[in-house]
Amino acid sequence: MAQRPEGKAQAGLWEFPGGKIEPGETPEEALARECREELALEIENPSVLRSVLHRYPEKMIRLLLVECSVRPGSVPVPQEGQSVDWFHPSELDRLPLCPADRELLPYVFSR
C-alpha cells in the first residue's frame, strides 16, 4: 500500500498503487508502468480481478483490482516522497484508505 503524499488529493490516506491508463495501454501495462514510475517496482503476471466505480465530489473514477507478483529481487522504493508498506489483508480494514480503494476490500478478502 502507498500513502498519498502531501499536496495531492486524499493526502495521508492509503491506496493500492497504480494510476491512470494512458491511451493505447492495457490495464496490466498501466499498472506495470505506474509501479515502475511511483515505486521503482517490477511486477509480473498482472491479472485484472475486479473493477469498481466511485464518485468523488469532483470526479468519477473506475478503479481496477489487479493481482500480480513482485519480480524476484525487486523492492518498492518510493519515488514521490510517499510512504509505502506491506499489510496483511486482515489489517486493511483498519487503515485510513481512500474511499474508492475501500470499495475493493470485499474482493481482496475473498481472494
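Residues numbered from 1 in each chain as written. Predicted model: local features only at pLDDT ≥ 70, side-chain atom pairs only at ≥ 80, totals over all residues. Heavy atoms only, no water.

## Some thoughts on the state of the cysteines
A complete count under the given rule lists zero disulfides for this structure. Left unpaired, cysteine 35 is separated from the closest cysteine sulfur, that of cysteine 68, by 6.0 Å. No disulfide involves cysteine 98; its sulfur sits 15 Å from that of cysteine 35, the nearest cysteine. What makes cysteine 98 buried here is its relative accessible area of 3%. (Disulfide = S-S within 2.5 Å. Buried < 20%, exposed > 50% of the residue type's maximum accessible area, 1.4 Å probe, protein only.)

## Details of the pairing of strand S3 (residues 43-55)
Sheet analysis places S3 next to strand S4 (residues 60-70), joined by ten bridges and oriented antiparallel. When the sheet's bridge partners are listed, serine 47 is paired in S4 with glutamate 67. Count of turn residues in the S3/S4 antiparallel hairpin: four residues. (Pairing = 2+ DSSP bridges. Helix = DSSP H or I, 4+ residues; strand = E, 2+ residues; numbered from the N terminus.)

## Considering the nonpolar core
A general feature of soluble globular proteins is that nonpolar side chains tend to end up buried together. Core analysis: the largest hydrophobic core is formed by 14 residues, its most contacted members being Met1, Trp14, Leu63, Leu92, Leu95, Leu97 and Leu104. Listing elements by their share of this core, those giving two or more residues are S4 and helix H4 (105-109). What methionine 1 contacts, discounting residues up to four positions off in sequence, is Trp14, Glu15, Phe16, Pro17, Ser83, Val84, Asp85, Phe87, Leu92, Leu95 and Leu97. Of all hydrophobic cores here, the second largest spans seven residues; its members include Leu31, Ala32, Cys35 and Leu41. (Core = buried A, V, L, I, M, F, W, Y, C linked by side-chain atoms within 4.5 Å. Contact = heavy atoms within 4.5 Å.)

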